[in-house]
Amino acid sequence: MGAPSGSVIERYDGVICDLDGVVYRGGDAVPGAPAALQDMVIRGVRVVYATNNASRVPAEVARQVAALGAPAAAMDVVSSAQAGAARLQAQLPAGAKVLALGGDGVVEALDQVGLAPVRPADLDGTGAADVAAVLQGYGRQLRVSDFETAARLLTRDLAWVATNDDATLPLPWGESPGNGAYVDLLVTATRRRPVVVGKPHPPLYRLALDHLGTSPSRTLAVGDRLATDIVGAATAGIHSAWVLTGVDRPSDLVGSGASPTYVVASLAELLQPYAVAERDADGWRCGGAFVRAGEDGLQIAQGRGTPAEAVRAGLAAIEEGAQDGRPTDRLREEALALDRLLDLAQASSR
Ligand SMILES: [Mg+2]
């Protein structure tokens, strides 16, 4: 069964899908996302969920996603912990001991590739001469003494892989230190740097492509964060769809260096006809929307266009402004109008 003509999804065989901000927010599904994923799978598109979260095991992530109504089994989830374990598997003999400085996801990922995870507590007061590497991922249960154990190991010339370097972890109250903050702690103490495998670095994308079995040119990465999901996809050489249901807003694109292939208001829009912004004599037209950059900012006429079409037309006008040398501050100011348009549209659809 083919996807609707003119949709983004009809150009791809596989999707590498981010989770937080795309499929769910907190404990709730993003409206329409589970149904859109079901639709994709029915149409023969393969979906793999790629998460930087290394603390949870894939089966647990899959259960959460499936409970929201989206198609997901444990084998449909790839984590940065798995990418890290794969990296170490390639360079260590089978059965080598690896310090699992992280949660259950890190321990399980090492186990699954035939390495022997050792928890920091197992090394308390004992010699650790036979530990061959450190795999560091987020783990809430980690103690200061666990980082001391890791720092002591890292004085030797053994391999150090970090699952991801996200500086922060979003919690209901705001931003908490993420794995990148704990990696920095060891970087400072050891004056060494780990190999990082999670988004925006390519290894997690390569692992996801392996799982899908699709070619990079027929695979689409979908995510809400410009600096990780969108930049990472470009680094890995695959197309990206930036979904505006998560943390980053249109104004965040200005000066970010990210360049998403597609911009959609939700996952469901990947299955609908996609209009590209085009220049005409007066401004930028996208589907039924029209935007012109004037003296006092963007003039936006959404008309019969969707909010995403208005955003795409607006982003094209801003991109043109950047090429014409308009200052970044002013462009960001202009883009705030697109943030507001989107906020209003999303508030009224809830
Ligand atoms: Mg996300």
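Before reading further, recall that the structure is shown in the block above.
What this report covers is the structure whose coordinates are included nearby. Note that the structure is a prediction, hence the values are computed from the model and not measured. (Residues numbered from 1 in each chain as written. Predicted model: local features only at pLDDT ≥ 70, side-chain atom pairs only at ≥ 80, totals over all residues. Heavy atoms only, no water.)

## Details of the sheet that holds strand 16 (residues 278-279)
- In space, the four strands of this open sheet follow the order 16-17-18-19, with antiparallel pairing throughout. Two strands bound the open sheet, and with one partner strand each, they are strand 16 and strand 19 (297-301).
- Judged from the two bridges that link them, strand 16 and strand 17 (residues 284-286) form a sheet pairing that is antiparallel. Across the sheet, residue Arg279 finds its bridge partner in strand 17, namely Trp284.
- The strands touched by helix 10 (residues 307-323) are strand 16, strand 17, strand 18 (289-294) and strand 19; relative to strand 17, the strand with the most contacts, the crossing angle is about 150°.
- Where helix 11 (residues 328-348) meets the sheet, it contacts strand 18 and strand 19, and its direction lies at approximately 30° from that of strand 19. (Pairing = 2+ DSSP bridges. Helix = DSSP H or I, 4+ residues; strand = E, 2+ residues; numbered from the N terminus. Contact = heavy atoms within 4.5 Å. Axes fitted to C-alpha atoms, helices over the stretch in contact; angles between N-to-C directions.)

## Some words on the packing of aromatic side chains
- A full pass over the atoms with the stated rule returns four aromatic pairs.
- Among the aromatic residues, those joined into a ring-pair cluster are Tyr12, Tyr262 and Tyr274.
- Over the face of the ring belonging to Tyr274 we find Arg312, whose NZ or CZ atom lies 3.9 Å from the ring centre. (Phe/Tyr/Trp six-rings, centres within 6.5 Å; stacked < 30°, edge-to-face > 60°. Lys NZ or Arg CZ within 6 Å of the ring centre and 35° of its normal.)

## Comments concerning the pairing of strand 6 (residues 97-101)
- Most of strand 6 sits out of view: four of its five residues are buried.
- As judged from the three bridges shared by strand 6 and strand 7 (residues 116-118), these two strands associate in the parallel manner. Its bridge partner being in strand 7, Lys97 is matched across the sheet by Ala116.
- Once the chain exits strand 6 it traverses helix 4 (residues 104-112) before rejoining the sheet at strand 7, and the crossover so formed is right-handed.
- The pairing of strand 6 with strand 8 (residues 131-136) spans five bridges and is classified as parallel. Counterpart to Leu101 in the pairing with strand 8 is Gln136. (Buried < 20%, exposed > 50% of the residue type's maximum accessible area, 1.4 Å probe, protein only. Right-handed = clockwise from strand over helix to strand, strands pointing away.)

## Points about unusual backbone geometry
- Following Lys199, the chain continues to Pro200 via a peptide bond in cis, the omega torsion being 5°.
- Mapped onto the fold, Pro200 is located in the loop between strand 12 (195-196) and helix 7 (202-212).
- Its identity as a non-glycine residue notwithstanding, Arg191 has a phi of 55°, on the positive side.
- Within the secondary structure, Arg191 is located in the loop between helix 6 (179-190) and strand 12.

## Comments concerning the coordination of the magnesium ion
- Around the magnesium ion, the protein supplies Asp18 (OD), Asp20 (O) and Asp224 (OD) as donor atoms, at distances of 2.1 to 2.2 Å.
- According to the relative accessible area criterion, Asp20 is partly exposed, its value standing at 37%. (Donors = N, O, S within 2.8 Å, 3.2 Å for Na, K, Ca; no water.)

## With respect to the sheet that holds strand 9 (residues 159-162)
- With parallel pairing, the five strands of this open sheet are ordered in space as 7-6-8-9-12. Each edge of the open sheet carries a strand with a single partner, namely strand 7 and strand 12.
- Relative to strand 12, strand 9 runs parallel, the two being bridged by two bridges. Residue pairing in the sheet places Val161 in a bridge with Val195 of strand 12.

## Quick notes on the pattern of salt bridges
- According to the stated counting rule, one finds 12 salt bridges in the structure shown.
- The shortest N-O distance in the salt bridge between Asp130 and Lys97 comes to 2.8 Å. On the criterion of sequence distance, the pair formed by Asp130 in the loop between strand 7 and strand 8 and Lys97 in strand 6 is long-range, its members being 33 residues apart.
- A relative accessible area of 45% places Asp130 in the partly exposed class.
- Its salt-bridge partner being Arg143, residue Asp146 comes within 3.1 Å of it at the nearest N-O pair.
- The class for Arg143 is partly exposed, based on a relative accessible area of 40%.
- The network of salt bridges with shared partners includes Asp18, Lys199 and Asp229. (Salt bridge = Lys/Arg side-chain N within 4 Å of Asp/Glu carboxyl O.)

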